Amino acid sequence: MKKFSITIAGGGSTFTPGIVLMLLDNLEKLPIDQIKFFDNDKERQKTIAGACRIILNEKAPEIRFTETTDPAEAFTDIDFVMAHIRSGKYAMREKDEKIPLKHGVVGQETCGPGGIAYGMRSIGDVLELVDFMETYSPDAWFLNYSNPAAIVAEATRKLRPNSKILNICDMPIGIEELMASAIGLESRKEMEVDYYGLNHFGWWTGIRDKEGNDLLPQIREHVSKFGYVTEDQSLQHADASWNNTFAKAKDVQALDPETVPNTYLKYYFYPDYEVAHSNPEVTRANEVMEGRETFVFGECRKIIENGTAADSGLHIDEHASYIVDLARAIAYNTKERMLLIVENNGAISNFEPTTMVEVPCIVGSNGPEPLVQGEIPRFQKGLMEQQAAVEKLVVEAWDEKSSQKLWQALTLSRIVPSAQVAKDILEDLQEANKGYWPELR
Ligand code: NAD
Ligand code: G6P
Ligand code: MN
């Protein structure tokens, strides 16, 4: 059996140890020859890599392991890139969240002005990684979950149309786990779903068990009462702020009781509520730095000090097994049904063909085959057209170095109340992102 070589780009990510443990747990499904970590922050990566080297030595010493900041070393002779970089790291996420809030506007990692600012940083960095892969391993596949995935996906569609890139998000998976638990199923894998939307901007229209029985009515009823709050807590989305988001899904679903929504729609439907319940001094970036980042780096340092991972608190990121499913689908032509972010091209029949949409796809060795979701209603169509235009304008702004288009993008975002506020936010974001954004004209 062929063994695969994988480069994890963003080796210093807080998610890297959980993903390595998950890969180790799935070796019989996806045998691995080597794992390489690549990051542009040598120091940050060193802590995560130091711990992962020990974990690998203890659990699977036959797997070759490299940590590097050299693209040639990182991208030569590999089958997959798993990319989860954060351009500008948490320091810039904090600014993405706090600058809009200062202007009374939602400050969020991937939605509204914060997501736009993050997109302007990510596009170039992700394209550079794709180019590294194509230079050194032209047959490899690029599995991207670097955010903001909607904007990154549009950039890859427009600027690297022939590259082997799959864009994926874990939010539907996380929500489906909660749905399964709400109706007493063991696993989300017992469900087959119909879904359409943009990334972080979509709706489930059908949910069936493997025998074809309709599960949506039960799930709709749960969501209309409790949102996605269930007795089983999500391991990945466990903080209080995530619980609030899952509860708020109840109000989001009220807009279209026939379907059940992605949690991120709350930022577009209830921005006033969101701002009123935000603290401009302490945002999610602070929560993550004090929580996940401190925990993961603390555990990694302990492993390095002790020279063993024997009693480490790091856990398998079980939910991230979707990444193994995706790699397996490509490697073994499994034809697994998965939600991916792909060019619409008729999957939503009454929607612009060149927009990157999130829909179920059958994934095999040649990539994804999107499944037709048919016509969508006027409400969703209107929302999606506006949001897709924002995302396309950001990519055009980046490509053409146009501050005019970036101002248009910010103005068009539902979350921003006026062109004046958009302009004020743009000035602050531009100042904060010097050295990360292209120089705008
Ligand atoms: P993190 O800051 O801990 O890790 C990101 C790493 O990327 C850092 O070590 C950083 O140095 C590195 N990096 C930044 N720019 C780089 C570049 N140009 N080249 C190489 N490395 C670079 O962040 P995190 O919280 O662990 O999240 C990582 C990423 O995964 C983020 O983009 C996050 O939004 C994304 N994410 C996506 C999903 C999804 O659903 N698609 C789910 C979870 C996380
Ligand atoms: C979900 C989304 C990701 C996002 C993450 C934020 O998983 O799908 O796209 O990055 O939440 O989580 P955090 O814990 O960093 O706020
Ligand atoms: Mn996501």
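Anything mentioned here points back to the structure above.
Nothing here was measured: the structure is a model prediction, and the numbers come from that model. (Residues numbered from 1 in each chain as written. Chains lettered and ligands numbered in written order. Predicted model: local features only at pLDDT ≥ 70, side-chain atom pairs only at ≥ 80, totals over all residues. Heavy atoms only, no water.)

Q: Can you walk me through the coordination of the manganese ion (ligand 3) in this structure?
A: Around a metal, the perfect tetrahedron of four donors has angles of 109.5 degrees, and the perfect octahedron of six donors has angles of 90 or 180 degrees. Taken together, Cys169 (SG) and His200 (NE2) make up the full set of protein donors to the manganese ion (ligand 3), lying 2.2 to 2.4 Å away. A residue pair is termed long-range when its members are at least 10 positions apart, and Cys169 in the loop between β6 (165-167) and α7 (171-182) and His200 in the loop between β7 (191-198) and β8 (201-209) qualify at 31 residues. No difference in accessibility class separates Cys169 from His200, as the two residues are buried. (Donors = N, O, S within 2.8 Å, 3.2 Å for Na, K, Ca; no water. Helix = DSSP H or I, 4+ residues; strand = E, 2+ residues; numbered from the N terminus. Buried < 20%, exposed > 50% of the residue type's maximum accessible area, 1.4 Å probe, protein only.)

Q: Whenever I open this one, a negative patch on the surface confuses me. Can you help?
A: Side chains of Asp25, Glu28, Glu177 and Glu318 sit close together on the surface and give a patch of like negative charge. Of note, Glu28 is situated in the loop between α1 (16-25) and β2 (32-38). Residue classification places Glu28 among the exposed positions, given a relative accessible area of 58%. (Patch = residues over 30% accessible without salt bridge, like charges linked within 9 Å, V, L, I, M, F, W, Y side chains within 5 Å. Areas by Shrake-Rupley, 256 points an atom, 1.4 Å probe, with all protein chains shown as cover. Salt bridge = Lys/Arg side-chain N within 4 Å of Asp/Glu carboxyl O. Lys, Arg positive; Asp, Glu negative; His and termini not counted. Charge placed at Lys NZ, Arg CZ, Asp CG, Glu CD.)

Q: I would appreciate a short explanation of the site of ligand 1 in the present structure.
A: Residues in contact with ligand 1 amount to 26 residues; listed here are only the nearest, Ser13, Thr14, Asp39, Tyr90 and Tyr118. For ligand 1, an oxygen atom lies 2.6 Å from a polar atom in the side chain of Thr14. Here a nitrogen atom of ligand 1 and a backbone polar atom of Ile168 are 3.3 Å apart. Contact with the protein chains removes 96% of the 870 Å² of surface that ligand 1 exposes when unbound. Those elements giving two or more residues to the shell around ligand 1 turn out to be α4 (89-102) and α5 (112-136). When the residues that make up the shell around ligand 1 are grouped by side-chain class, the tally is eight nonpolar, nine polar and nine charged. (Near = heavy atom within 4 Å. Polar contact = N/O pair within 3.5 Å; in protein donor to acceptor, adjacent residues only side chain to side chain. Nonpolar A, V, L, I, M, F, W, Y, C, P; charged D, E, K, R; others polar.)

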